[in-house]
Amino acid sequence: MRVGLLGLGRIGLFHATTLSTLADELVVSDVDRARAEDVAARLGARVADPFDADAVVIATPTSTHAEALLRACELGVPAFCEKPAAPGVAETLRVVEAVERSGTLVHIGFQRRFDAGYAAAREALRGGELGDAHRVHLVTADPAPPPAEYVALSGGIFRDCHIHDFDILRWVTGHEVDAVYATGANRGEDFFAEAGDVDTSSALMTMDDGTLVTLQGSRHNGAGYDVRMEIAGTRATWAVGLGDRTPLRSVEGLTPDGEPWPDFLTRFDAAYVAEMEAFLAAARGERESPCTVQDALAALYIAEAADLSRRTDRPVRLLEVAK
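These notes cover the structure that comes with them. (Residues numbered from 1 in each chain as written. Predicted model: local features only at pLDDT ≥ 70, side-chain atom pairs only at ≥ 80, totals over all residues. Heavy atoms only, no water.)

## Quick word on the overall build of the protein chain
Move 1: Scanning the protein chain for helices and strands turns up 12 helices and 13 strands.
Move 2: Whereas a compact globule of 323 residues would reach a radius of gyration of roughly 20 Å, the protein chain reaches 20 Å, a difference of no more than 12%.
Move 3: When the 323 residues of the protein chain are sorted by exposure, 53% land in the buried category.
Move 4: In the protein chain, of all internal contacts separated by at least 6 residues, the share reaching a separation of at least 24 is 68%.
Move 5: Within the structure as shown, the protein chain displays about 14,300 Å² of accessible surface, and the carbon and sulfur contribution to it stands at 50%.
Move 6: Side-chain charges in the protein chain split into 31 positive and 50 negative, and the spacing between the mean points of these groups amounts to 2 Å. (Helix = DSSP H or I, 4+ residues; strand = E, 2+ residues; numbered from the N terminus. Rg over C-alpha atoms; globule rule 2.2 N^0.38 Å. Buried < 20%, exposed > 50% of the residue type's maximum accessible area, 1.4 Å probe, protein only. Contact = heavy atoms within 4.5 Å. Areas by Shrake-Rupley, 256 points an atom, 1.4 Å probe, with all protein chains shown as cover. Lys, Arg positive; Asp, Glu negative; His and termini not counted. Charge placed at Lys NZ, Arg CZ, Asp CG, Glu CD.)

Structural data, given as structure tokens:
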């Protein structure tokens, strides 16, 4: 199987390393030709048009995702794309229409779906082991903020960071968000406020079955990378992401004693590999993709509602932003 990879930044390089062991042939491309040639030489790949392949992996900046996906649909090349499918709703809808019209496989990179902990929680909840879910809590906290130039183009913390929380919430519970009340604060660098963004976030969501969900996030979690999910049901309460490397200290002594997770790539290393294996299997026609462009649109609607809520200081129902 010949696989093309477009974009060789941090996540692109990770995917390149993974694909060099999964694909029969790997071709790579980047705006920095020298970088592409260096990666190709180290991994036994070639520098060429990544769309001239049996499948393409898109790991370029967010602003280029829609254009790349539209090209994949035009050529009929199965495509994996890092989230989001596009920066905004209008562009995402264009991609959705192109995917539906062409019938092209498009798999969006929501790697948490391939993490063993989240998968176990989904199975336990849907199998009745937890009883009826009454409360869910989500945490995503980065150890250090991204560069100012990235923040300015990111779309904000709810679209860029918490979109993973919104997707995994839908996937684990099997329910949709009905309403969001979100807020945020700036507790660090000025460039967040200058970009109209916040570095500290919180939200309360109500699901369509009445389940209450709380969310918190930070770009300044100096203890390490912290991503967790708690599900409180009528029979049991489970936590995902609470282990030896969770950057959390308990004054009662129940403290993880491993090295804290330094970043998302280390925390979700196995999940990233598993999602790429799933995409290639789908591209070969062996299974359906579990992360569709419709899933990307659904998560984006929640992010849009959360951002609107933060800016207007009021609850926002999903019906206000969904098209």
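## Observations concerning the pattern of salt bridges
Move 1: Across all of its chains, the model carries 27 salt bridges by this definition.
Move 2: Where Asp165 meets Arg112, a salt bridge forms, and the shortest distance between an N and an O atom there is 2.9 Å. One end of the pair, Asp165, is in helix α8 (residues 163–173); the other, Arg112, is in the loop between β6 (106–109) and α5 (116–126), with 53 residues separating them in the sequence. The burial state of Asp165 is the same as that of Arg112; both residues are buried.
Move 3: Across the pair Arg159 and Glu304 runs a salt bridge whose closest N-O atoms are separated by 2.8 Å. (Salt bridge = Lys/Arg side-chain N within 4 Å of Asp/Glu carboxyl O.)

## What about unusual backbone geometry?
Move 1: A cis amide bond, omega -10°, links Lys83 with the succeeding residue Pro84.
Move 2: Within the secondary structure, Pro84 is located in the loop between β5 (79–82) and α4 (89–102).
Move 3: The phi torsion at Asp313 lies on the positive side, around 55°, for a residue other than glycine.
Move 4: Within the element layout of this structure, Asp313 appears in the loop between α12 (293–312) and β13 (316–317).

## Here's the deal with the packing of α5 against α8
Move 1: For the pair α5 and α8, the least separation of the axes is 8 Å and the interaxial angle reads 40°. Overall, the two elements α5 and α8 adopt an arrangement that is oblique. In this structure, α5 uses Tyr118, Ala119, Ala121, Arg122, Leu125 and Arg126 to contact α8, whose residues at the interface are Ile168, Arg170, Trp171, Val172 and Thr173.
Move 2: Here the contact of α5 with α8 is composed, by residue class, of seven nonpolar, one polar and three charged. (Axes fitted to C-alpha atoms, helices over the stretch in contact; angles between N-to-C directions. Parallel < 35°, antiparallel > 145°, perpendicular 65-115°, else oblique. Nonpolar A, V, L, I, M, F, W, Y, C, P; charged D, E, K, R; others polar.)

## Observations concerning the pairing of strand β12 (residues 237–240)
Along a regular strand, successive side chains alternate from one face of the sheet to the other.
Move 1: Alignment of strand β11 (residues 226–233) against β12, held across four bridges, turns out to be antiparallel. In the strand pairing of β12, Met229 is matched with Val240.
Move 2: The turn linking β11 back onto β12 is made up of three residues. (Pairing = 2+ DSSP bridges.)

## Observations regarding the packing of helix α1 (residues 10–22) against helix α2 (residues 33–43)
Between two packed helices, what matters for the description is the angle formed by their axes and the separation of those axes.
Move 1: In the contact formed by α1 and α2, the axes pass within 10 Å of each other and the chain directions differ by 30°. By the angle between their axes, α1 is roughly parallel relative to α2. Viewed along their axes, α1 and α2 form a crossing whose handedness is right-handed. Residue-level contacts link Leu13, Ala16, Thr17 and Ser20 of α1 to Val39, Arg42 and Leu43 of α2.
Move 2: Taken together, the residues that form the contact of α1 with α2 break down as four nonpolar, two polar and one charged. (Left-handed = near helix turned anticlockwise from the far one by under 90°.)

## Digging into the side chain of His162
Move 1: Relative to the elements of secondary structure, His162 occurs in the loop between α7 (157–160) and α8.
Move 2: When sequence neighbours within four positions are dropped, the list of residues in contact with His162 reads Thr140, Ile157, Ser201, Leu215, Gln216 and Gly217.

## Side note on the environment of Ser63
Move 1: Among the secondary structure elements, Ser63 is positioned in the loop between β4 (55–58) and α3 (65–75).
Move 2: On the basis of relative accessibility, which here comes to 57%, the residue Ser63 falls in the exposed class.
Move 3: In this structure the C-alpha to C-alpha distance between Ser63 and Gly88, which are 25 residues apart in sequence, comes to 9.5 Å.

## Points about the nonpolar core
Nonpolar side chains tend to gather and get buried jointly when the protein is soluble and globular.
Move 1: One finds Val180 and Met205 to be the most contacted residues of the largest nonpolar core, which totals 97 residues.
Move 2: The dominant element in this core, judged by the number of residues it contributes, is α12, at 11 residues.
Move 3: Not counting residues within four places of it along the chain, the set of residues in contact with Met205 comprises Leu138, Phe166, Leu169, Val177, Ala179, Val180, Thr211, Leu212, Val213, Leu215 and Ile302. (Core = buried A, V, L, I, M, F, W, Y, C linked by side-chain atoms within 4.5 Å.)

## Overview of the packing of aromatic side chains
Move 1: Counting across every chain of the model gives four aromatic pairs.
Move 2: Among the aromatic residues, those joined into a cluster by ring pairs are Phe14, Phe264 and Tyr272.
Move 3: The side chain of Arg122 reaches across the aromatic face of Trp171, ending 4.5 Å from its centre.
Move 4: Sitting over the ring of Phe268, Arg267 keeps its end group 4.3 Å from the ring centre. (Phe/Tyr/Trp six-rings, centres within 6.5 Å; stacked < 30°, edge-to-face > 60°. Lys NZ or Arg CZ within 6 Å of the ring centre and 35° of its normal.)

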